[in-house]
Amino acid sequence: MTTAEIRKAVLDILADIAPDEDLSDLKDDVTFRDQLELDSMDFLDIVMELRKRYRIQIPEEEYTELASMGSTVKYLEPLMKDVE
Amino acid sequence: MYDTIIIGAGMSGLAAGIRLAHFDKRVCILERHSAIGGLNSFYRHRGRDYDVGLHAVTNYTPKGARRGPLAKLLRQLRLAWDEWSLAPQVGSSIAFPDVELKFSNDFELLVSEVAQKFPKQKDNLRRLVAELTDYDQLGTGDTGRSAREVVGSFIKDRLLMEMIFCPLLFYGGSKEHDMDFGQFSIMFRSIFLEGLARPLDGVRLILKLLIRKFKELGGELRLRAGVDRIAVKDGAVEKVVLANGSELQARRVLSSAGLPETLRLCDDCPNVESPEVGRLSFVESISVLDVQPCSLGHDRTIVFYNDSDEFHYEKPNEPADVRSGVICSPNNFVYGQPLADGVVRITSLANFDRWAKLDSEAYRRAKLHWYDNLVASAVRFVPDFRDSVIDTDMFTPTTIRRYTGHHSGAVYGTAKKRYDGTTHLKNLYICGTDQGFVGIIGTSISGIGVANRYLLKM
């Protein structure tokens, strides 16, 4: 996956978790918590959706890497570069 | 072999089932009735639809709200706000002799009512709100503090205390007179700070939505599949045996049947300490009117009434205690179109034993007798609608037992909750009312919370 594809994949997950949110102007450098008020249950869901969809395992101590779109994509790049 | 068997297709079981099925678990919900819903169910009687349980969805927050249990529930179940078709309440009230407090989904109305009727308590009410514990996933219901003691340290007027407790106990009190301050916080938020709403089609719309989602995700639902016993081996559930003799196996079992009720299903139950069955049950009269209630001057969504300065939330000696009650008109929500019939439901505390011992003829007569008593008591607080009644029905503590399976028709379950959802068996968990959350949003969050914590792990 390219960086743009990974970003799209994360957006799809967010759209699934929060269908009522308008994600079109989601900022990469502001945390999901501040922009969407995601809580710990939601972060767990992002992790679980990544596992379900792309078989990616994220250890619990690295959940903090998923704070914003920017940090999430950066964190996922090496893990997802070989995903079709 | 299932990953998880869920006992009970009520709100908590369905919500947990959706979570598990969504993440590709093999899950089966067992429901002993031919209909889903448990405490919040529905039926058809003489050509009309009736709801059981649900007066209103509590924890209402408007579309776009990101905080609160409703928003959390929608995200966790991947549902859009619009799918619930929630119409907010018109407005409700707490009616005691000589004083009425109106409230709505705007908390400031209650604050201004308190300011007007209990001027010295307005700031105390604000201080109380600041003290409420936060609504979280699991465990927050248990602070070990008496709500009456904590609230009494802020609210210095005994009548106002009683008026605040009245709706909260009626809508979620599993023990007599008092509740844990954590429970109080949850209930206060759900009713006063968030609010009340209802779909035009009632609870059946929500149930159908949940069951459709569950099945689309590959979940299996078995109706008329009552659990006869839970076979135990080496401190774990070995298998679940159904009333028809068939045996099912699962790695884990999640029961929404109630804590004492679940423990009694286990083979080893004589050796296990079980909490007492709850004492509190209700009767409800349902009156169908040939007019909309508002045309009679009855425009309140819910009226919580009590006919003296002291509110007695306790198991009555009589079949029902009509000194206090809850008057709900499902017409009085802000729908896009009116409900076909006018409906007034009146709920009061009841004594399970007094109803359970009646033979069928005496039961039928008792229903008629207490219908009249309930309505006569309630019309002291709302306009008299009796000349407009075209059909009636009545549900009693034995009806509640039939729908919920809760012993003694204990609507809100046992007084001793199991907030972490665990049991004495390592792969048996409980969710729903006895895990500590009430209301349809609360109990769904309970199912989700327990599923997330124990059942989604590999």
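Rules used in this analysis
Residues numbered from 1 in each chain as written. Chains lettered and ligands numbered in written order. Predicted model: local features only at pLDDT ≥ 70, side-chain atom pairs only at ≥ 80, totals over all residues. Heavy atoms only, no water. Helix = DSSP H or I, 4+ residues; strand = E, 2+ residues; numbered from the N terminus. Rg over C-alpha atoms; globule rule 2.2 N^0.38 Å. Buried < 20%, exposed > 50% of the residue type's maximum accessible area, 1.4 Å probe, protein only. Contact = heavy atoms within 4.5 Å. Areas by Shrake-Rupley, 256 points an atom, 1.4 Å probe, with all protein chains shown as cover. Pairing = 2+ DSSP bridges. Axes fitted to C-alpha atoms, helices over the stretch in contact; angles between N-to-C directions. Core = buried A, V, L, I, M, F, W, Y, C linked by side-chain atoms within 4.5 Å. Phe/Tyr/Trp six-rings, centres within 6.5 Å; stacked < 30°, edge-to-face > 60°. Polar contact = N/O pair within 3.5 Å; in protein donor to acceptor, adjacent residues only side chain to side chain. Parallel < 35°, antiparallel > 145°, perpendicular 65-115°, else oblique. Nonpolar A, V, L, I, M, F, W, Y, C, P; charged D, E, K, R; others polar. Expected span 1.5 Å × (residues − 1). Buried area = accessible area lost by both parts, 1.4 Å probe. Salt bridge = Lys/Arg side-chain N within 4 Å of Asp/Glu carboxyl O.

Chemist: I'd like to hear about the overall build of chain A, residue by residue, with values.
Modeler: A tally of regular secondary structure across chain A gives four helices and zero strands. Ordered by position from the N terminus, the helices and strands of chain A form the series α-α-α-α. Against the 2.2 N^0.38 benchmark of 12 Å for 84 residues, chain A shows a C-alpha radius of gyration of 12 Å, consistent with a compact globule. With the C-alpha coordinates of chain A rotated into their principal frame, the extents come out at 30 × 25 × 20 Å. For chain A, with 84 residues in total, the buried portion stands at 44%. Excluding contacts between residues fewer than 6 apart, the proportion of contacts in chain A whose partners are at least 24 apart in sequence is 55%. When the accessible area of chain A is evaluated, it comes to approximately 4,500 Å², of which 49% is carbon and sulfur surface.

Chemist: How would you summarise unusual backbone geometry if you had to cite specific residues and measurements?
Modeler: All names here are of chain B. The backbone phi angle of D24 is positive, close to 65 degrees, even though this residue is not glycine. Tracing the backbone through its elements, the reader meets D24 in the loop between α1 (11–22) and β2 (27–30). Of note, the phi angle at R224 is positive, near 50 degrees, even though the residue is not glycine. Looking at where R224 falls in the secondary structure, it is placed in the loop between β9 (220–222) and β10 (227–233). Residue classification places R224 among the exposed positions, given a relative accessible area of 62%.

Chemist: Any details on the sheet that holds strand β6 (residues 92–96) of chain B? Residues and values, ideally.
Modeler: All names here are of chain B. In spatial order, the strands read β7-β6-β15-β16-β17-β14-β18; together these seven strands make up an open sheet with mixed pairing. Across the chains shown, the open sheet's two edge strands, defined by having one partner strand only, are β7 (99–103) and β18 (389–395). Taking the axes of each pair of neighbouring strands and ignoring which way they run, one obtains an average angle of 20 degrees across the sheet. Two elements, strand β14 (residues 281–289) and strand β17 (residues 342–350), share nine bridges in a ladder whose sense is antiparallel. Its bridge partner being in β17, L289 is matched across the sheet by G342. Docked against the sheet, helix α6 (residues 158–170) engages β6, β7, β14, β15 (302–306), β16 (320–328) and β17, running at close to 125 degrees with respect to β6. Its contacts with the sheet place helix α11 (residues 360–378) against β14, β15, β16, β17 and β18, and it is angled at close to 80 degrees to β14.

Chemist: Account for the nonpolar core, with residues named and values stated.
Modeler: Residues and elements named next belong to chain B. Membership of the largest hydrophobic core comes to 63 residues, with the highest contact counts inside it found for F170, F184, F188 and F192. For this core, the leading source of residues is α6, giving ten residues. The residues touching F170, leaving out its near neighbours within four places in the chain, are F282, F304, F311, Y313, S324, G325, V326, L349 and Y412.

Chemist: Lay out the packing of aromatic side chains in plain terms, naming residues and giving numbers.
Modeler: Residues and elements named next belong to chain B. Scanning all chains against the criterion turns up 19 aromatic pairs over all chains. Where F107 meets F188, the ring centres are 6.0 Å apart and the plane angle is 70 degrees; that geometry is what we call edge-to-face. On the criterion of sequence distance, the pair formed by F107 in helix α3 (residues 107–117) and F188 in helix α7 (residues 181–194) is long-range, its members being 81 residues apart. What makes F188 buried here is its relative accessible area of 0%. Between Y171 and F304, the ring centres sit 5.1 Å apart and the planes meet at 75 degrees, which makes this aromatic pair edge-to-face. Here Y171, found in the loop between α6 and α7, pairs with F304, found in strand β15; they are 133 residues apart in sequence, far enough to count as distant. Per residue, the accessibility class of Y171 equals that of F304, and both read buried. Ring pairing ties together the aromatic residues F103, F107, F165, Y171, F181, F184, F188, F192 and F304, which thus form one cluster.

Chemist: Before we move on, could you go through the environment of S104 of chain B and cite the residues and values that matter?
Modeler: All names here are of chain B. Locating S104 in the fold gives a position in the loop between β7 and α3. Taking the relative accessible area as the measure of exposure, S104 reaches 14% and is therefore buried. In this structure the C-alpha to C-alpha distance between S104 and L196, which are 92 residues apart in sequence, comes to 7.9 Å. From its side chain, S104 meets the backbone nitrogen of D106 in a polar contact 3.1 Å long.

Chemist: Could you give me a rundown of the packing of helix α3 (residues 40–54) of chain A against helix α2 (residues 69–77) of chain B, with the residues and numbers involved?
Modeler: Interhelical geometry of α3 of chain A versus α2 of chain B gives an angle of 5 degrees and a closest axis separation of 10 Å. Classed by the angle they form, the pair α3 of chain A and α2 of chain B counts as roughly parallel. In contact with M41, D42 and D45 of chain A of α3 of chain A, α2 of chain B contributes K72, R75 and Q76 of chain B. Here the residues of the contact of α3 of chain A with α2 of chain B sort into one nonpolar, one polar and four charged.

Chemist: Quick one: what's the story with helix α13 (residues 439–455) of chain B, residue by residue and with numbers?
Modeler: In an α-helix there are 3.6 residues to a turn, and that puts residues three or four apart on one side. Compared with an ideal rise of 1.5 Å per residue, which puts 17 residues at 24 Å, α13 of chain B spans 23 Å between its outermost C-alpha atoms and is within 8% of the ideal. Across the 17 residues of α13 of chain B, 15 count as buried, placing the element largely inside the fold.

Chemist: Please provide a residue-by-residue account of the interface of chain B and chain A, values included.
Modeler: Taken together, the contacts link 19 residues of chain B with 19 residues of chain A. Of the roughly 1,800 Å² buried between chain B and chain A, counting both surfaces, carbon and sulfur atoms make up 46%. Looking at the side of chain B facing chain A, the largest losses of area belong to R66, R75 and R78 of chain B, adding up to 38% of the total buried there. Taken together, the connections running from chain B to chain A amount to eight salt bridges. A salt bridge links R67 of chain B to E37 of chain A; the shortest N-O distance between them is 2.5 Å. For the interface between chain B and chain A, the tally reads 14 residue pairs in polar contact (both at pLDDT 80 or more). Taken together, the residues of the side of chain B that touches chain A break down into seven nonpolar, four polar and eight charged.

Chemist: Account for the sheet that holds strand β13 (residues 250–255) of chain B, naming residues and giving values.
Modeler: The strands making up a sheet are joined through hydrogen bonds of the backbone, oriented either antiparallel or parallel. All names here are of chain B. Here we have five strands laid out as an open sheet, ordered β9-β2-β1-β13-β19, and parallel in their pairing. Strand pairing shows two members of the sheet lacking a second neighbour, β9 and β19 (428–430), which therefore form its edges. Neighbour-to-neighbour, the strand axes of the sheet open up by a mean angle of 20 degrees, direction not taken into account. Here β2 pairs with β9 via three bridges, running parallel. Paired with L30 across the strands is R222, a residue of β9. Packing of α1 onto the sheet brings it into contact with β1 (2–7), β2 and β13, and relative to β2 it is tilted by some 165 degrees.

Interpretation note: all reported values are geometric properties and have no functional meaning in isolation.
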